[in-house]
Number of protein chains: 2
Amino acid sequence: MGSHAGNEQFRISKRASQTIEIASPFLVHIQAVLGNPFDPLTNPEGIVNLGIAENKLCEDLMVEKMKSVQAIEESPCLLYYDVNSGTASAKKSAKRFIDNFLNPITEIDEKNIVIMSGLTSSLETLAFAIADSGEYIMVPSPYYFRIRNDIQDRAEVNVLNVPLQYKTDHKPSMCEMNSEILEEYYQKAISENKVVRGILLSNPNNPSGDVLTEDQLLDILEFANRHNLHVIANEIYALSVFDPEITFKSLLSLPLPNPNMVHFTWGSSKDLGLSGFRISMVYTKNPNVLSYCLSVSAFTTASRLIQHRLQEIIDDKDWLSKVFLPTKFSRMQKRYQEITSQLRQHGARVHTSGATMFIWLDLREFLQEPTFDAENSLFLKFMSEKVFVVPGKELYNQDPGMFRIVFTLDEPVIKEGIRRVIKVLQDCRRQL
Amino acid sequence: MGSHAGNEQFRISKRASQTIEIASPFLVHIQAVLGNPFDPLTNPEGIVNLGIAENKLCEDLMVEKMKSVQAIEESPCLLYYDVNSGTASAKKSAKRFIDNFLNPITEIDEKNIVIMSGLTSSLETLAFAIADSGEYIMVPSPYYFRIRNDIQDRAEVNVLNVPLQYKTDHKPSMCEMNSEILEEYYQKAISENKVVRGILLSNPNNPSGDVLTEDQLLDILEFANRHNLHVIANEIYALSVFDPEITFKSLLSLPLPNPNMVHFTWGSSKDLGLSGFRISMVYTKNPNVLSYCLSVSAFTTASRLIQHRLQEIIDDKDWLSKVFLPTKFSRMQKRYQEITSQLRQHGARVHTSGATMFIWLDLREFLQEPTFDAENSLFLKFMSEKVFVVPGKELYNQDPGMFRIVFTLDEPVIKEGIRRVIKVLQDCRRQL
């Protein structure tokens, strides 16, 4: 609100003021980063942004694909309205995509699919649908910080953080995630008169890169079913599992205790590296949730041209499964190994991961003391060295000292970024 | 909600249930229309849809333009995120567009522009910004029915209808619209403890096609300023004034009593015939409204490709001002005269208009009695003749008997539609 807050001349609603006020002070840093982005040629003194979750490792393949789609004559109908919840043809493509890549256990009906304008819109719509203002959705933490904004800014649904326990002494590894932990936090919330309506499950997880096993998923589903909770299955990283030893199971592929309470979401931003598209989908068998999504679909309509572009990509099963995805996975694996090995050589520990686009860096040993203040000091050291990484506090991580780095950026960017990260680590070593 | 409403297994939030329930029963007809659309070749027995507000009269020009934009090599950056509120370059284009076509009275700063994903999103965002849940925004009626959904469905802001008086005996003409009428409804609302936060002014008006004069606008602005009300200037039909004798004045071109309380919106759907694009803009000088729009811009981000396409079109000032718009206006004028003359020959009266894309048809003489039941009976006659027109009740018109027809459709569609409309009128004549 700044200096205008008390000025009746500029008056806005109470809720809008609150939305502005709860914006994280961290945004100041993000503004600084966006205002002075590193470029190896035009701005080598700029800030290297290792914070923005984009996968550019297969830009060459995608640009080539785009050229071929661009060459297709565009029907004049793309200029005009169609059904707000997505064209019949886009819904068919979405169904085939699920069939091809997520191994659904029951037949997908495209009538249960709603095409939307990005995952942010999908999560907000589901929050409005399943919870009233002031109610809660459980979210295992750490989590992508924008999830809080997505469901809270306008839908006014609160996040109930469920901090995961790291199975870690010196070597970080899988997070502990089970119905006991969830039950404990659920009961605590109930005893505080909080109304809990659902659980938002991001699998694979941002920032940790953890992929839940089938057993873990079934355990969590059983917990949700016991309390009649909705489950939002955010699987936006479903096709970003690059370690061949890790098996990813979509919730759509599992026997669900109550299929009407599971709502699947996916978008093109992460898995296809198409964050500029603003397109996503919701699949739900719940007739009321579906009715609601259709009722408010004018707010979430994806542009026709983008629906057309996405269809051309996801309908090309051969290209995706034989060219794009295998290439992407092998490039991700190679890059992940290079970067983590470099970081480890300089004493950093890395949470074991084989999915998403993040290195979840354990720098607890580099903190002056085990506090979030010390984490912030380390973050500011990175900033003064002009490299932007996301501190765990901003991702609602329980313990101080974790940092998230995106490793799927252009080579000159990631190289310079990691060079700067390592410089900070070396400086810290000398001071400790 | 249907048969699932009471079923706890399908439970959704109270607000989502309400949103579904307040959906107009009229939607059943719209579904029927969408499910069986007339096509002269493939479905001549289908329903002719004269209800959907699209301007296809310059499709030939726009398709040609699109081909040239399509041929431009697309930068890979279009694949990725940029600033959620619109790229710097798109904001610059939007500024130039306002400068070129709306004659702004003060210098437009592109920092005050937010690019959004369609007018629906823009109106909703402004509703969230200026009013809290349960508060009111005044809207002169009749108005485009979706305005109610746009501000009510999720933002929970109510519409305070301000019915306009028609200056009409036998020959319908301009609506009476002034601060006295607004003051009367404002005071009545205040006395009922309603909190009124703003007025939403659609100029030119949908459905009447009325264009407010400079004096009328200044009078309304003075009223708004007296009560410190926000003014949402919805000018989505700004470039759809086809009668050369009518002068359209954008609110941006007038001396505003309080510039901080006027928020301008425009989108590409109507004036450019690009409803499939889902792109719009908000321009506001109010620093708090602007902050809020930026805070929630992740919900309203337009796709990069669409921003690029729109820029290529609105930056081509010469083409717009010398080719597209003059051609559009002359085609609209010709079509309007043809259709209204045909309708008048069959005894229909037409509200005088020279803007938007509607014929606002006065069929009061064709009603069995002056009631909305009779209006609905006439509507059902049109439906049984397989032509869809929008009855005034759905547009919150005060008096029964008015119908809205879109005249800017493809020739075979409008021809068959008007033939069916006239058939119904002839049948009515015989029965009266």
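Residues numbered from 1 in each chain as written. Chains lettered and ligands numbered in written order. Predicted model: local features only at pLDDT ≥ 70, side-chain atom pairs only at ≥ 80, totals over all residues. Heavy atoms only, no water.

As annotated in an unreviewed UniProt entry, chain A carries the name Aminotransferase class I/classII large domain-containing protein and comes from Lymnaea stagnalis.

Caption draft 1: Structural view of the domain arrangement of chain A. Residues and elements named next belong to chain A. Domain annotation of chain A identifies domain 1 (14-60 + 320-427) and domain 2 (78-316). Placing a centre on the C-alpha atoms of domain 1 and another on those of domain 2 gives a separation of 24 Å. With both chains or domains summed, domain 1 and domain 2 bury close to 3,500 Å², and 58% of this area falls on carbon and sulfur atoms. When the buried area of domain 1 at its contact with domain 2 is split by residue, Leu 320, His 351 and Tyr 396 rank highest and sum to 20% of it. One can count zero salt bridges joining domain 1 with domain 2. Between domain 1 and domain 2 we count 15 residue pairs in polar contact (both at pLDDT 80 or more) in total. Among the elements of the structure, helix H1 (14-21), helix H11 (317-345), strand E11 (349-350) and strand E12 (358-362) are those that each provide at least two residues to the side of domain 1 that touches domain 2. Ranked by residue count, the leading element in the side of domain 1 that touches domain 2 is H11, at nine residues. Here the residues of the side of domain 1 that touches domain 2 are counted per class, giving 17 nonpolar, 11 polar and 10 charged. (Domains from an automatic or database assignment. Buried area = accessible area lost by both parts, 1.4 Å probe. Salt bridge = Lys/Arg side-chain N within 4 Å of Asp/Glu carboxyl O. Polar contact = N/O pair within 3.5 Å; in protein donor to acceptor, adjacent residues only side chain to side chain. Helix = DSSP H or I, 4+ residues; strand = E, 2+ residues; numbered from the N terminus. Nonpolar A, V, L, I, M, F, W, Y, C, P; charged D, E, K, R; others polar.)

Caption draft 2: Region of interest: unusual backbone geometry. Residue and element names in this part refer to chain A. With an omega dihedral of -5°, the bond running from Asn 203 to Pro 204 counts as a cis peptide bond. With respect to the helices and strands, the residue Pro 204 is situated in the loop between strand E7 (196-202) and helix H8 (214-226). Here the residue pair Asn 206 and Pro 207 is connected by a cis peptide bond, since its omega of 20° sits within 30 degrees of zero. If you check the backbone angles, Asn 193 has positive phi at about 65° while not being a glycine.

Caption draft 3: Region of the structure containing the packing of helix H12 (residues 372-384) of chain A against helix H13 (residues 411-431) of chain A. Residues and elements named next belong to chain A. With their axes 9 Å apart at the nearest point, H12 and H13 run at an angle of 130° to one another. By the criterion of interaxial angle, the relationship of H12 to H13 is oblique. Read as a crossing pair, H12 and H13 show a hand that is right-handed. Taken together, the residues of H13 that come into contact with H12 (itself represented by Leu 378, Lys 381 and Phe 382) are Val 421, Val 424, Leu 425, Cys 428 and Gln 431. (Axes fitted to C-alpha atoms, helices over the stretch in contact; angles between N-to-C directions. Parallel < 35°, antiparallel > 145°, perpendicular 65-115°, else oblique. Left-handed = near helix turned anticlockwise from the far one by under 90°. Contact = heavy atoms within 4.5 Å.)

Caption draft 4: Region of the structure containing the sheet that holds strand E8 (residues 230-234) of chain B. Residue and element names in this part refer to chain B. Across the sheet, seven strands lie side by side as E2-E10-E9-E8-E7-E3-E4; this open sheet has mixed pairing. Bordering the open sheet on either side are strand E2 (113-116) and strand E4 (158-163), each of which pairs with just one other strand. Neighbouring strand axes in the sheet, compared pairwise and without regard to direction, differ in orientation by 25° on average. Where strand E3 (residues 136-141) lies against E4, six bridges are found, and the strand directions are parallel. If you follow Val 139 over to E4, its bridge partner there is Asn 161. Against the sheet, helix H9 (residues 287-295) touches E2, E8, strand E9 (262-267) and strand E10 (280-284), its axis set at about 30° to E2. (Pairing = 2+ DSSP bridges.)

Caption draft 5: Quick peek at the relation of the copies chain B and chain A. Of the two same-sequence chains, chain B is brought onto chain A (RMSD 0.0 Å, axial shift 0.0 Å) by a rotation of 180°. Both copies are brought into coincidence by an operation consistent with a two-fold rotation axis. Considering only C-alpha atoms, the residue of chain B closest to the rotation axis is Gln 70 of chain B, which sits at 3.3 Å. Mapped onto chain A, 100% of the interface residues of chain B are again interface residues, and the two copies thus contact each other with one and the same surface. (Least-squares fit on C-alpha atoms with pLDDT ≥ 70 in both.)

Caption draft 6: Representation of the sheet that holds E12 of chain A. All names here are of chain A. Taken in spatial order, the four strands line up as E11-E12-E15-E14 in an open sheet, and their pairing is antiparallel. Looking at which strands have only one partner, the edges of the open sheet turn out to be E11 and strand E14 (390-391). Sheet topology note: the E14/strand E15 (residues 402-406) ladder contains two bridges and is antiparallel. Counted as the bridge partner of Pro 391 is Phe 403 from E15. Contacts between H12 and the sheet are confined to E14 and E15, with E15 contributing the most and set at about 30° to the helix.

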